[in-house]
Structure formats: C-alpha cells, structure tokens
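Per-entry structural report
So the chains spell out like this:
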Amino acid sequence: MSKAKLLIVEDDPNLGDILKEYLTMKGYETTLCRDGEEGWSKFKKDKYNLCILDIMMPKKDGFTLGKEIKKVQEDLPIIYLSAKNLKEDVIEGLKIGADDYLTKPFSMEELLLRIAAILRRSQKVDHNEGLKVLKFGDFTLHYDEQQLESPSGKHKLTSKENELIRLLASEINKLVNRSHALKQIWGDDSYFNARSMDVYLSKIRKLLKEDPKVQIITVHGEGFKMVVTES
C-alpha cells in the first residue's frame, strides 16, 4: 500500500520542522509549507490524503485555505492547529468541515493517533479501491471488464475512458480538480495530456447522451463534475 500523503501548513518554523520530521519518521509522505498561499499552491499541484493546517498564518489564514480546499475536494480530511482554545475557532472549523482540532501545545503521539483514525475512516490512501461496479443514472460501469452498460447494451471502453468515468462517477455532483485527474490517470498535467483528456471527455459525453439526466459539466479554470439529476 502506498504511503499516505500529508500537507502540513504551519508558519512556526520550529513546530513545522518537528511535525514534518516526526510524521515522515512514522511512515507518512509529508509536504511542509510556511504560509497559506504556499499551501494552496502545493495543494493544487499534488494529491493529498489529509491536511494539517495552522489557523493563524500570514498571507492566507487556515480557515480561508480550508474553505478553498473543500471547494475543490470536499472529502479531503483537515486537522486544524490553533494556539488558542476559542469556541469560535472550533465552530468555524466545524462549519468548514474540519475532521479534528488540536490546541497547542499538543503531544505528537495524540496527533499521530488522530491522523490514523481519520485516514481509517476516510479510506483515501488507495483512492477508488473497491469501486469496481458503479451505477449512475441509467448507466452501470463495470470497471474490471472496461465496459459501460446502458439501456442499449454494453459499450467497450478504452483504459483512459474507463478510468475517467470511474473517477467522475465516484464523485457524483462533486467537482473533480483538472490537475488531480490528469496526474491520477495520465501521470502529469502537461499541455499535451490536458488536450488528450479533453478528447476523451468529448467521447464520454457522447456515450452518456442516452440518459439526459447524466451530464459532465466543465467548471472553467477548475475542473469538471458529473451531474446526475433525479427523474
């Protein structure tokens, strides 16, 4: 099983270095950023299993960063770190969808236990594992057979079509980040691969025309989502 990737955004250089060193030693792949803007930049360029965000940071605070992250990847777990135990901060974190909240100082062992518990719940270390048959609208994706079943029959898919449909159908009505999709399926988000993905999306849209309740919507500058409306 691949290592879980953690994004750590902490402006305190001492605590940041300790967090990175400790969690790396415990088997996680870690990326450390010193402010919210750097954290946002790193998030957009890579895929993470969990974020650890300080609240009070220069350039972009942890709550603002958390809101931006959740708009792109709603189910990405977030643990907030705060120097003060204010009820307002806890409530704000919960509104954003934070999975946990730790007040400084805290023990590294406690943080480690909370990370492990959240990752077990989210089961995102191997994203999409077990999603072999997906139903959406009038369609059924048979991932292992690379087939899309519709009222008119079964359609054989290319490997890229198969992966793209599974990624979209596993996140129904949720935004799928364009860069994330390219890196997960093509390996990198180069201009050539981006154009290639556009071609495959066009082919998939044609396959989905049988059911007008299912559409792939492009969110310009961000990504796309598979929208399924009720009949």
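Residues numbered from 1 in each chain as written. Predicted model: local features only at pLDDT ≥ 70, side-chain atom pairs only at ≥ 80, totals over all residues. Heavy atoms only, no water.

For the chain, an unreviewed UniProt entry supplies the name Response regulator transcription factor and the organism Belliella filtrata.

Examining helix α6 (residues 159–169)
Counting along an α-helix, one turn takes 3.6 residues, and residues three or four places apart therefore face a common direction. We apply this condition: Burial here depends on accessible area, computed with a 1.4 Å probe over protein chains only, as a share of the maximum for the residue type. Under 20% is buried, over 50% is exposed, and the range in between is partly exposed. Segments assigned H or I by DSSP are reported as helices when at least four residues long, segments assigned E as strands when at least two residues long, and all are numbered from the N terminus.
For α6, a buried count of eight out of eleven residues is recorded, marking the element as mostly surrounded by other parts of the structure. Those residues of α6 lying buried are Glu161, Asn162, Leu164, Ile165, Arg166, Leu167, Leu168 and Ala169.

Examining the packing of aromatic side chains
Spelled out, the test is: Note on ring pairs: Phe, Tyr and Trp rings are taken, using the six-membered ring of Trp, and paired if centres are within 6.5 Å. Classes follow the plane angle, with under 30 degrees stacked, over 60 edge-to-face and the rest tilted. Counting as a charge over the ring demands two things of the Lys NZ or Arg CZ atom: a distance within 6 Å of the ring centre and an angle within 35 degrees of the ring normal.
For the coordinates displayed, the defined rule picks out three aromatic pairs. Consider the rings of Trp40 and Phe43, whose centres lie 5.6 Å apart with planes at 25 degrees: the pair is stacked. Of the two residues, Trp40 and Phe43 both sit in helix α2 (residues 36–45), three residues apart, roughly one turn of that helix. Phe43 matches Trp40 in its accessibility class, with the two residues each being buried. Centre to centre, the rings of Phe136 and Phe139 are 5.7 Å apart; their planes meet at 35 degrees, and the pair counts as tilted. Owing to a relative accessible area of 3%, Phe136 belongs among the buried residues under this scheme. One Lys or Arg, Lys5, reaches over the ring of Tyr48 and ends 5.7 Å from the middle of that ring.

Notes on the environment of Arg34
This is how it is decided: Only heavy atoms matter for contacts: two residues are in contact if any of them lie within 4.5 Å across the pair. Whenever a nitrogen or oxygen atom comes within 3.5 Å of another N or O atom, the pair is scored as a polar contact, on the condition that within protein one atom can donate a hydrogen and the other can accept it, and that pairs from neighbouring residues in sequence are kept only if both atoms are in side chains.
When you line up the elements, Arg34 lands in the loop between β2 (29–33) and α2. Separated by 18 residues in the primary sequence, Arg34 and Gly16 have C-alpha atoms spaced 7.8 Å apart. Setting aside residues no more than four positions away along its own chain, Arg34 makes contact with Glu10, Asp11, Asp12, Pro13, Gly16 and Asp17. Among the polar contacts made by the side chain of Arg34, one reaches the side chain of Asp17 at a distance of 2.7 Å.

Topic: the sheet that holds strand β3 (residues 50–54)
Here is the rule: Only strands that DSSP links by at least two bridges are regarded as paired with each other. To obtain an axis, a line is fitted to C-alpha atoms, over the contacting stretch when the element is a helix, and the angle between two such axes runs from 0 to 180 degrees between their N-to-C directions.
Across the sheet, which stays open at both edges, the five strands sit in the order β2-β1-β3-β4-β5 with parallel pairing between neighbours. Unpaired on one side and paired on the other, β2 and β5 (100–103) mark the two borders of the sheet. Neighbour-to-neighbour, the strand axes of the sheet open up by a mean angle of 15 degrees, direction not taken into account. The pairing of β3 with strand β4 (residues 78–82) spans four bridges and is classified as parallel.

Concerning the side chain of Ser82
Mapped onto the elements, Ser82 comes out in strand β4. Using a relative accessible area of 2% as the deciding quantity, one classes Ser82 as buried. Not counting the four nearest positions on each side in its chain, Ser82 is found in contact with Ile55, Asp89, Tyr101, Leu102, Thr103 and Lys104.

Observations regarding the nonpolar core
Rule in force here: In this text, buried Ala, Val, Leu, Ile, Met, Phe, Trp, Tyr and Cys residues form a nonpolar core when linked through side-chain atoms within 4.5 Å.
Counting 26 residues, the largest nonpolar core has Phe136, Leu148, Leu164, Met197, Leu208 and Phe224 as the members making the most contacts within it. Of all the secondary structure elements, the ones that give two or more residues to this core are β6 (133–136), β7 (139–142), α6, α7 (178–185), α8 (191–207), β11 (214–219) and β12 (223–228). Among all residues touching Phe224, those that are not within four sequence positions of it are Leu168, Lys174, Leu175, Val176, Arg178, Ala181, Met197, Leu201, Ile216, Ile217, Thr218 and Val219. Core analysis: the next-biggest nonpolar cluster, separate from the first, contains 21 residues, Ala4, Leu19, Tyr28 and Leu112 among them.

Some words on the pattern of salt bridges
Definition in use: The rule for a salt bridge is simple: a side-chain nitrogen of Lys or Arg has to be within 4 Å of a carboxyl oxygen of Asp or Glu.
In this structure the tally under the stated criterion is 15 salt bridges. Across the salt bridge formed by Lys104 and Asp54, the nearest N and O atoms sit 3.1 Å from each other. Of the two residues, Lys104 sits in the loop between β5 and α5 (108–122) while Asp54 sits in strand β3, which places them 50 residues apart along the sequence. Note on Asp54: relative accessible area 4%, which makes it buried. The shortest N-O distance in the salt bridge between Asp138 and Lys213 comes to 3.7 Å.

Things to note about the pairing of strand β9 (residues 153–156)
As paired elements, strand β8 (residues 147–150) and β9 share four bridges and run antiparallel to each other. Among the inter-strand pairings, Glu149 is bridged to a residue of β9, identified as Lys154. Where β8 folds back on β9, the antiparallel hairpin that results is connected by two residues.

As for unusual backbone geometry
With an omega dihedral of -5 degrees, the bond running from Lys104 to Pro105 counts as a cis peptide bond. Within the secondary structure, Pro105 sits in the loop between β5 and α5. Of note, the phi angle at Lys59 is positive, near 70 degrees, even though the residue is not glycine. Relative to the assigned elements, Lys59 resides in the loop between β3 and α3 (62–72). For Lys59, a relative accessible area of 63% corresponds to the exposed category. At Asn173, a position not held by glycine, the phi torsion is positive, near 65 degrees. On the secondary structure map, Asn173 appears in the loop between α6 and β10 (176–177). Note on Asn173: relative accessible area 40%, which makes it partly exposed.

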